[in-house]
Amino acid sequence: MELPADDLAYLKAGVVLAWLVLFFVWERMSPAAQPPGPLPDEVPGGAHRLLRNAGLWLGNTLLSRFIILPLTFLAASYSLGWRPDEWKGGWFLIVDILILDFMIYWWHRANHEFQPLWRFHQVHHLDRRLDSTSAVRFHFGEVLLSASFRVVVVILLDIPFAAILLHETVVLVAAIFQHSNVRLPKRLERALGWLIITPGIHWIHHHAVRHDTDSNYGTLLSLWDRLFGSMSPTQRRPDMPIGVEYDKDRSLGELLLLPFGPQKQDMSKVENQPARQGSS
Ligand SMILES: [Zn+2]
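A quick note: this is a predicted structure, and the numbers were derived from the prediction, not measured.

1. Some remarks on the pattern of salt bridges
Enumeration according to the criterion identifies 15 salt bridges in this entry. When the shortest N-O distance is used, the salt bridge between Arg-52 and Asp-249 registers 3.0 Å. Of this pair, Arg-52 sits in helix α2 (residues 47–77) while Asp-249 is found in the loop between α10 (223–227) and α11 (252–257), placing the two residues 197 residues apart along the sequence. For the pair Arg-52 and Asp-249, a shared accessibility class is recorded, and that class is buried. A single network of salt bridges, built from pairs that share partners, joins Glu-27, Arg-28, Arg-49, Arg-52, Asp-127, Asp-131, Arg-137 and Asp-249.

2. What about the side chain of Glu-168?
For Glu-168, the position within the fold is in helix α6 (residues 161–179). The class of Glu-168 is buried, set by a relative accessible area of 12%. Aside from chain neighbours lying at most four places away, what touches Glu-168 is Lys-12, Ser-64, Leu-69 and Arg-150.

3. Description of the coordination of the zinc ion
Octahedral metals with six donors have ideal donor angles of 90 or 180 degrees. Tetrahedral metals with four donors have an ideal donor angle of 109.5 degrees. Looking at the metal site, the zinc ion is ligated by His-108 (NE2), His-112 (NE2), His-121 (NE2), His-125 (NE2) and His-205 (NE2), spaced 2.1 to 2.2 Å from it. For the zinc ion, the donor residues sit on a single chain with the sequence spacing H-x3-H-x8-H-x3-H-x79-H. Linking His-108 in helix α3 (residues 91–113) with His-205 in helix α8 (residues 199–205), this pair joins segments that are 97 residues apart in sequence. For the pair formed by His-108 and His-205, the shared burial category is buried.

4. Comments concerning the packing of aromatic side chains
Applying the stated criterion across every chain, the model contains 12 aromatic pairs. Between Trp-19 and Phe-23, the ring centres sit 4.8 Å apart and the planes meet at 50°, which makes this aromatic pair tilted. With Trp-19 and Phe-23 both in helix α1 (residues 6–29) and four residues apart, the pair spans about one turn of that helix. Classification of Trp-19 by relative accessible area gives partly exposed; the value is 28%. What makes Phe-23 buried here is its relative accessible area of 3%.

Here is what the cut-offs are and how they apply
Note that residues are indexed from 1 along each chain, following the sequence as it is written. Only residues with pLDDT of 70 or above have their local features reported here, since the model is predicted, and side-chain atom pairs are shown and tallied only from 80 upward, although totals for entire chains, interfaces and linings are computed over all residues. To get the side-chain values, all heavy atoms of the structure are used, and hydrogens and water are removed first. By definition, a salt bridge exists where a carboxyl oxygen of Asp or Glu is found within 4 Å of a side-chain nitrogen of Lys or Arg. Only DSSP runs of H or I reaching four residues or more are called helices, and only runs of E reaching two or more are called strands; each is numbered from the N terminus. Per-residue accessibility, obtained with a 1.4 Å probe over protein chains only, is compared with the maximum for each type, and a residue is labelled buried under 20%, exposed over 50%, and partly exposed between these values. Throughout, a contact is declared for two residues whenever any of their heavy atoms are within 4.5 Å. Metal sites are built from N, O and S donor atoms within 2.8 Å, or 3.2 Å for Na, K and Ca, and they leave out water, so they may look incomplete. Geometry of aromatic contacts follows a simple scheme: Phe, Tyr and Trp rings, the Trp one being its six-membered ring, pair when their centres are within 6.5 Å, and the pair is stacked under 30 degrees between planes, edge-to-face over 60, tilted otherwise.

Here is the structure:
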């Protein structure tokens, strides 16, 4: 399907690719966290992990271009149409991006709180290292589910297609930044953290301790976590274990099948449950 905004879609892809390459090189020249050595079953340089993340990215890029963007374009074309034209474009682009950021905060939170959504989202969290490539590591099912959620938002809130494309670009640029392992001056990162999600904030979301994994859900603004009480007090440490507590990463094929098979028991949640009374 030829999209009217095809040139914008290609511009988006170019910007994201250049940003990814920049952070991929930068984090290797000046890393914030120095891993203590290879993890168990990790090849030197982590080539398997990089190939796994690249495979998921490639699949999602094709999915986005040929299914998600056309579907979103249709949704924007058949939205409820209640907005006057003066409420589209210009400053309203920024308003739309903030609305979408607010919705994504709750969508991300739902991915952690509802088991059927976590089945897909855990694929992103099972990465045991964090760098710019973690930002594009998502199960195809999660990408489709979140696009479906966005379609509903776009139809109800009458969000123009250009705002969606701009939001997608900003989200990818922000995600690459906050997953990256670049070392930033501490004062700069602290100041940025009052407004946006920085690597120091987002790495806590990938800390392999469940109560930290279930915090810091924001994508662009750090405001939502502060407002809704989900900002973790934990500070990032260079040697902090990354991943999912009580679980391990898998091969690409296993990751793709993971949401559909039996799930590993989440011991942290089991331990937090009150003991059953009077059961026989
Ligand atoms: Zn998450």
